[in-house]
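A closer look at the structure
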Amino acid sequence: MTLAEKSFADQLERAAGVEWRPAGEPSFVCALRAAGRETFLRTKLPTLKHEDWRYTSLAGLAAQPFGPAARARVPAADLPPAPRLVFVNGRLAPDATDLSGLPAGVRMGSLAAALRERPAAVEPFMGQVATTRDHAFGALNAGLFEDGALVDLGDGVACAATLHLVFLTVASGAPFAAHPRNLVVVGKGARATLVESYRGEGAYLVNAVTEIALGEGAQVEHDRVQEDGPQAFHMGLLQISQGARSRFTGQSIALGGQLARVEARALLGAEGASCDLHGLYVAGGKQVLDHLVYIDHARPRCVSREVFKGVLDGASRGIFAGRVHVREGAQKTDASQVNSNLLLSEDATVDTKPQLEILNDDVKCSHGGTVGQIREDQLFYLRSRGLSEALARAMLTWAFASEMVQRVGPEELRARVRRAVTARLPSGSLLREVA
Amino acid sequence: MRKGTYTMLSIQGLKAKVADRDILHGLDLEVRAGEVHAIMGPNGSGKSTLAGVLAGRETYAVTAGKVTFEGEDLLALAPEKRAAKGIFLAFQYPVEIPGVGNMYFLRTAFNALRRARGEEELDAMDFLALARERMKLVKMDPSFANRSVNEGFSGGEKKRNEILQMAVLEPKLAILDEVDSGLDIDALRVVADGVNALRSAERAMIVVTHYQRLLDYIRPDHVHVMANGRIVTSGGPELALELEKRGYGWIEKEPPARPAAAEARP
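The shown structure was predicted, so the numbers you read here are calculated from the model rather than taken from an experiment. (Residues numbered from 1 in each chain as written. Chains lettered and ligands numbered in written order. Predicted model: local features only at pLDDT ≥ 70, side-chain atom pairs only at ≥ 80, totals over all residues.)

1. Some details on the interface of chain B and chain A
Definition in use: The contact rule is simple: place each C-beta atom from the backbone, and if two of them lie within 7 Å, those residues are in contact. Side-chain classes follow a simple rule in which Ala, Val, Leu, Ile, Met, Phe, Trp, Tyr, Cys and Pro form the nonpolar group, Asp, Glu, Lys and Arg form the charged group, and the remainder, Gly included, forms the polar group.
Listed by partner, the interface residues are 24 residues for chain B and 18 residues for chain A. Of the residues assigned to the side of chain B that touches chain A, the class counts are 17 nonpolar, 5 polar and 2 charged.

Written as structure tokens, this is what we have:
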């Protein structure tokens, strides 16, 4: 057993005790944890032999002796506007949380508190959306989560305010692991814009699971912005289940961490659902930024769109696996997938893997992608007008990435992402007032 | 300043190649301030290579010769330094740059040149006023300001955009590479009017073209004919008319007249 497996196993053994605590959790949570514990102890950390992990080695993670999450004060990070829930090292930070402006019909708070106070609201959904079998990190999260967000919109509630979930991780001493778990339930015809932000400093693992259930005709925009610290490991599992004619638009911006993996898995389980899952990864140094997107077209007349872009500098690696599964009964499926990558150095690499599994004839499916470098003719054009080579390269790199930044809906967040992305581009500081 | 008061650009024995193919075989040319030189010639004669070499395109390798601009060795300078010295190339095929706004790009270029020259930069508002005024010169729809550089522009719009850039950046030496290619007569007139408005005693232009038609609108002071990587004959505007009548075939058969460089030298 690797160090990480041993420390996680120890944590799981201790956590297993919750089942017999007198003021313990509801039985469905105990069952979820037990199943997670059993699964993780069986699967262990995936190796390169695992189909889903062929390009991403967890050796660095496996060598870390992670302990449980330490208590920490809220760092003076710039926080998004209310309504916001702020978690530090996997636990709710009430001082930083601000739920003012939360509209009627929207409930937003600590999942742990909801499990104590109104478990019946959680039971039908928790663990039901994230049903991926034998998923080591999902299992680990189920076994070890302490808290996270519960967001709940009643039928027909249109929430204009952007709901922010902020996950700060501060590791000042020994490395530790936090396993935030979120559940978002959006009722029939309800509308919400939701932002998950991850930031931190020090050596840690953040292993997050977010389950989102959309009722019939619901509409959700979801932005996930990962700016973890340079030593961090980040594992994110986003699991979406969509009702009939519901619409989900998701965007994953991956910038931080030494190794970060986001899996977005959507089940289009009712007719006429549409799902856009987009993303941008910007890596440098020896960063590894990995995305796996799985879209399960289980029912007819569903639409899915994927556009992922990567900018890779230094000796960084980008990985994109896009899997579209069109089931037998899913006639009139319309699915497209594009993954484009810009390599800024000779040592940067990208592995891109489209996988279409189509089990009926009446579908429209496409995939495409590119791996390229900055074009000489564009570079010369800009330089011939007086831009330095560094500025011209920064401008062209930004031009490539900006399409994805523009897709970020909330304006305040878009500005933040724009700053964060340009700050990571080579000579990005030369860019001013980028459009 | 009177026309032709000093030699702005001097090219001597210029040889250049692309990949392993020699294109320019010893080219001489002198351009004085205020002059407009037309360079004509059949396809493959090296006209566009000359334009690219002067602007500093790195895909062209200079193998021999000297180019002096305002007394300075031009070939030693990076493209952006040449731009700062006042050289501007209007591209035959303007490059599309999706994701970079036209005005943002132009303002960045404008201010980069100002910085390089130790001049004060213009803020966004002042620049916009300047750009709007220059856009009228090429009858450009203001909506083009907010579009990505050349993306989805028609051939004529791209060429107008080149002339707009020239009007804003105000170079000392403008090299127009086949600025007439792909233009209908109305677009040609707009582009030529823009170019003519920018003629001045302090500015020189090299107009590269395959066809005499453009020279009906932009009257050159000198016309040079290129063949096989050299200037084989030079003359006044009447030379262009002769080419129009007789085509390029006779150039290679008859012994060329004295090269332009010798003619223009004092």
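2. A short note on the sheet that holds strand S13 (residues 247–254) of chain A
Strand pairing in a sheet relies on backbone hydrogen bonds, with the paired strands running either antiparallel or parallel. Residues and elements named next belong to chain A. Quick reminder of the rule: Only when DSSP finds a minimum of two bridges between them are two strands counted as paired. Helix and strand assignments follow DSSP, with helices taken as H or I runs no shorter than four residues and strands as E runs no shorter than two, numbered in order from the N terminus. Every angle, taken between N-to-C directions, lies between 0 and 180 degrees, and every axis is a line fitted to C-alpha atoms, over only the stretch in contact when it is a helix.
Within the open sheet, the 10 strands sit side by side as S3-S2-S6-S9-S11-S13-S15-S17-S19-S21. Their pairing is mixed. Only two strands of the sheet have a single partner each, and these edge strands are strand S3 (91–92) and strand S21 (363–372). With 10 bridges joining them, strand S6 (residues 158–170) and strand S9 (residues 191–201) adopt parallel strand pairing. Counted as the bridge partner of threonine 169 is glycine 200 from S9. Strands in contact with helix H9 (residues 411–424) are S9, strand S11 (219–227), S13 and strand S15 (274–283); relative to S11, the strand with the most contacts, it is inclined by about 30°.

3. Here's the deal with the nonpolar core
Worth spelling out the cut-off: A set of buried Ala, Val, Leu, Ile, Met, Phe, Trp, Tyr and Cys residues, joined through C-beta atoms within 7 Å, is what we mean by a nonpolar core. Here the C-beta atoms are placed from the backbone, and a residue counts as buried if at least 20 other C-beta atoms lie within 10 Å of its own, exposed if 12 or fewer do, and partly exposed otherwise. Domain start and stop positions are those given by an automatic or database domain assignment.
If you look at the biggest cluster of nonpolar residues, it comprises 208 residues, and the most contacted ones within it are Val186(A), Met395(A), Ala90(B) and Ile175(B). The element best represented in this core is helix H8 (residues 389–406) of chain A, accounting for 11 residues. Residue-level mapping places this core at the junction of two domains, with at least three residues from each of domain 1 (3–270) and domain 2 (375–435) of chain A. Contacts of Val186(A), omitting those with residues within four sequence positions, involve Leu153(A), Ala192(A), Ala213(A), Leu214(A), Gly215(A), Ala218(A) and Val220(A).

4. Section: the domain arrangement of chain A
The extent of an interface is frequently quoted as the accessible surface area lost upon association of the parts. All names here are of chain A. Split by domain assignment, chain A resolves into domain 1 (3–270) and domain 2 (375–435). Between domain 1 and domain 2, the C-alpha centre-to-centre distance is 32 Å. Domain 1 puts 12 residues into the contact, and the matching count from domain 2 is 10 residues. Of all the secondary-structure elements, those providing two or more residues to the side of domain 1 that touches domain 2 are S9, S11 and S13. Counting residues per element, the side of domain 1 that touches domain 2 draws most heavily on S11, at 4 residues. Here the side of domain 1 that touches domain 2 is built from residues that sort into 6 nonpolar, 3 polar and 3 charged.

5. Examining the packing of helix H3 (residues 102–116) of chain B against helix H4 (residues 124–137) of chain B
Residue and element names in this part refer to chain B. Note the threshold: Working definition: roughly parallel below 35 degrees, roughly antiparallel above 145 degrees, roughly perpendicular at 65 to 115 degrees, and oblique for all remaining angles.
In contact at an axis separation of 11 Å, H3 and H4 are set at 105° when each is read in the N-to-C sense. Taken together, the axis directions place H3 and H4 in an arrangement best described as roughly perpendicular. From H3, Met103, Leu106, Arg107 and Phe110 reach across to H4, where they touch Ala124, Phe127, Leu128 and Ala131. Class assignment for the residues of the contact of H3 with H4 results in 7 nonpolar, no polar and 1 charged.

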